[in-house]
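The residues making up each chain are set out below.
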Amino acid sequence: MKNKIYLLQNPINIAFLISFIYWIYLVLNSRMPILSDAIGFEALGKMLVQKGWVEFFKSGPNREPFYPMLVALSMMLGKFFGLSYQLVQTLIQFLILFLTQVLTLRILRLLKINNKLRALTILYLGISPAIVNSALSLYSEIATYPFILAIMLLIYKSWVSFSGPR
């Protein structure tokens, strides 16, 4: 029981918890619109599922291949589990958003940022309409968030390896 109480006393855990509750609410009460660029990503995902990579590259130039590959993966998993690919894609994108929060927390710890400010940053990432909307849309921006943070971490690690720890 003490562990449960301690977990809720940590502001970072509370920020993650609020984010998860909000995301569950959104997943249960929203739908992924397929408009504008999303139509193209959906078509590329279908092409990958039905005709494969050869057709993807033969019909190009297309958009970057990573995000259409995620859409195709969602389509295959959706078919396998009997779910809408859009629901599967939304869940994958919220996992990406969670990974973004974790990487952000790692960077904030390396920068020795105050624990309360870390919690506010994690909370903001979890409930910001602009960020969360990208997890609910069929657009590739969400897939870039963890890569940008991972690059920042790699740059930091490279800097430390060349200059030595402080």
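Here the structure is shown first, and the text comes after it.
Nothing here was measured: the structure is a model prediction, and the numbers come from that model.

A. Inspection of the environment of Glu42 at higher detail. Its place among the elements puts Glu42 in helix α3 (residues 37-58). Here the alpha-carbon distance between Glu42 and Val71, two residues 29 residues apart in the chain, equals 6.9 Å. With residues near it in sequence (within four places) discarded, Glu42 still touches Ile34, Val71, Met75, Tyr85, Gln86 and Leu138.

B. A look at unusual backbone geometry. With phi around 50°, Ser36 is a residue other than glycine that occupies positive phi space. Within the secondary structure layout, Ser36 lies in the loop between α2 (11-29) and α3. Although it is not a glycine, Lys112 sits at a positive phi angle of roughly 60°. On the secondary structure map, Lys112 appears in the loop between α5 (85-110) and α6 (115-127). Given a relative accessible area of 72%, Lys112 falls into the exposed group.

C. Representation of the pattern of salt bridges in the model. Taken as a whole and judged by the stated rule, the model has 1 salt bridge. Arg63 is the salt-bridge partner of Asp37, the closest N and O atoms lying 3.5 Å from each other. Of this pair, Asp37 sits in helix α3 while Arg63 sits in the loop between α3 and α4 (66-81), placing them 26 residues apart in sequence. The partly exposed category is assigned to Arg63, whose relative accessible area is 32%.

D. Summary view of α6. Given a rise of 1.5 Å per residue, 13 residues ought to cover 18 Å, and the 18 Å separating the end C-alpha atoms of α6 matches this to within 8%. Where α6 is buried, its residues meet α2, α5 and α7 (129-135). The opening residue of α6, the one whose side-chain oxygen lies 2.6 Å from the backbone nitrogen of Lys116, is Asn114.

Thresholds applied
- Residues numbered from 1 in each chain as written.
- Predicted model: local features only at pLDDT ≥ 70, side-chain atom pairs only at ≥ 80, totals over all residues.
- Heavy atoms only, no water.
- Helix = DSSP H or I, 4+ residues; strand = E, 2+ residues; numbered from the N terminus.
- Contact = heavy atoms within 4.5 Å.
- Buried < 20%, exposed > 50% of the residue type's maximum accessible area, 1.4 Å probe, protein only.
- Salt bridge = Lys/Arg side-chain N within 4 Å of Asp/Glu carboxyl O.
- Expected span 1.5 Å × (residues − 1).
- Polar contact = N/O pair within 3.5 Å; in protein donor to acceptor, adjacent residues only side chain to side chain.

Worth remembering: the numbers are spatial, not functional.
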